[in-house]
Amino acid sequence: AWMKRTLPPLIDALGPRADIVLGGGAQWFADLSKVPGGAYKPGDLKVVQSTQARLAKSNVAAFTDWNAFTAHVAKGGDGRPVLGTFYPYVFPFYADGPRIPRLADLTVAAVKFLNAKKRPFFLMVEAALPDKACHLGNAKRAIGEVLELDNMLQALRKNLPPRTLLLVTTDHNNGGLAINGPPVPLATRGDALLG
C-alpha cells in the first residue's frame, strides 16, 4: 500500500521539483519478473505495469542499467529529468559482495548531471545502510557501510563545484554499537571477531 501511494508522486515530482532521483527499487519501475529471482507477490505486477505506463507518458528518462545511465550523463543528458533504479529492491550490503554502482558512483554521477545544467543545485544523499546494519546488530556490515559513506564523501569533495556547502549529518543515533555473541578465543582476528 505504501508503494502504491509513493510511486505516482515520485514520478510527478521529477521535472517540476526534482531533476534526478537515483537508488534501488527497479522492481517497481521495470518488469523484472523474467529475471532470475524476480518473482512478484500477487498484485505487485499490476502496480509495476501501472508505473511503467505512467513513466511512458511522462517526460522522464528512466534507467535500470548503470552503463546506459552513465553514457546518458556523459553526453550531458537530454534535458529531461532522470530516474535511475539500479537494484531490484534496496541496495545490498557491500560486505555481502561488491556492488556496482556504489554510493560514491551514484553521487558523482548526480553531481556531473546537475553541473551540466550550469545552475545552482541542492543534492541530498542518504546512506541508509549503516543504520540498517546497526539495527540488525551486524557489526561487519555496519563498519563496511560507514567506510562506504566515507568513500562517497571523499569522491563528493573532489567533484563538487567551488564554493559549495557540504553538510553531513545523521537523523538519529543507534545508541552505540555493541559487538556481542559467544566468547571468542584470544587468538581470533579479522572478520571472525565480527561474526
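Everything here concerns the structure above.
Residues numbered from 1 in each chain as written. Predicted model: local features only at pLDDT ≥ 70, side-chain atom pairs only at ≥ 80, totals over all residues. Heavy atoms only, no water.

J.: Honestly, helix 6 (residues 139-159) in this entry has me stumped. Any pointers?
T.: An α-helix turns once every 3.6 residues. As a result, residues three or four positions apart point the same way. End to end, helix 6 covers 30 Å across 21 residues, agreeing with the expected 30 Å (1.5 Å per residue, within 8%). Within helix 6 the residues assigned to the buried category are Ala 139, Ala 142, Gly 144, Glu 145, Glu 148, Met 152, Leu 153, Ala 155 and Leu 156. Packing partners of the buried residues in helix 6 comprise helix 4 (103-115) and helix 5 (129-135). Regarding helix 6, its N-cap is Asn 138, as a side-chain oxygen of that residue lies 3.4 Å from the backbone nitrogen of Lys 140 further along. (Helix = DSSP H or I, 4+ residues; strand = E, 2+ residues; numbered from the N terminus. Expected span 1.5 Å × (residues − 1). Buried < 20%, exposed > 50% of the residue type's maximum accessible area, 1.4 Å probe, protein only. Contact = heavy atoms within 4.5 Å. Polar contact = N/O pair within 3.5 Å; in protein donor to acceptor, adjacent residues only side chain to side chain.)

J.: What is the right way to read the packing of aromatic side chains from this model?
T.: For any pair of aromatic rings, geometry is given as the distance between the ring centres together with the angle between the planes. Inspection of every chain in the model, using the stated rule, returns five aromatic pairs. Measuring from ring centre to ring centre gives 5.2 Å for Trp 66 and Phe 86, while their planes differ by 90 degrees; the resulting arrangement is edge-to-face. A residue pair is termed long-range when its members are at least 10 positions apart, and Trp 66 in helix 3 (residues 66-74) and Phe 86 in the loop between strand 3 (82-85) and helix 4 qualify at 20 residues. Judged by relative accessible area, Phe 86 falls into the buried class, the value being 9%. Taken together, the ring pairs in this structure connect Phe 63, Trp 66, Phe 69 and Phe 86 into an aromatic cluster. (Phe/Tyr/Trp six-rings, centres within 6.5 Å; stacked < 30°, edge-to-face > 60°.)

J.: Any chance you could explain the nonpolar core here in plain terms?
T.: Generally speaking, soluble globular proteins have nonpolar side chains that are buried together. One finds Ile 20, Phe 63, Trp 66, Phe 69, Val 82, Phe 86 and Phe 113 to be the most contacted residues of the largest nonpolar core, which totals 19 residues. Elements represented by at least two residues in this core include exactly strand 2 (61-63), helix 3, helix 4 and helix 5. If sequence neighbours within four positions are ignored, Trp 66 has contacts with Phe 86, Ile 100, Pro 101, Asp 105, Leu 106 and Ala 109. Core analysis: the next-biggest nonpolar cluster, separate from the first, contains 14 residues, Ile 11, Ala 26, Phe 29 and Leu 32 among them. (Core = buried A, V, L, I, M, F, W, Y, C linked by side-chain atoms within 4.5 Å.)

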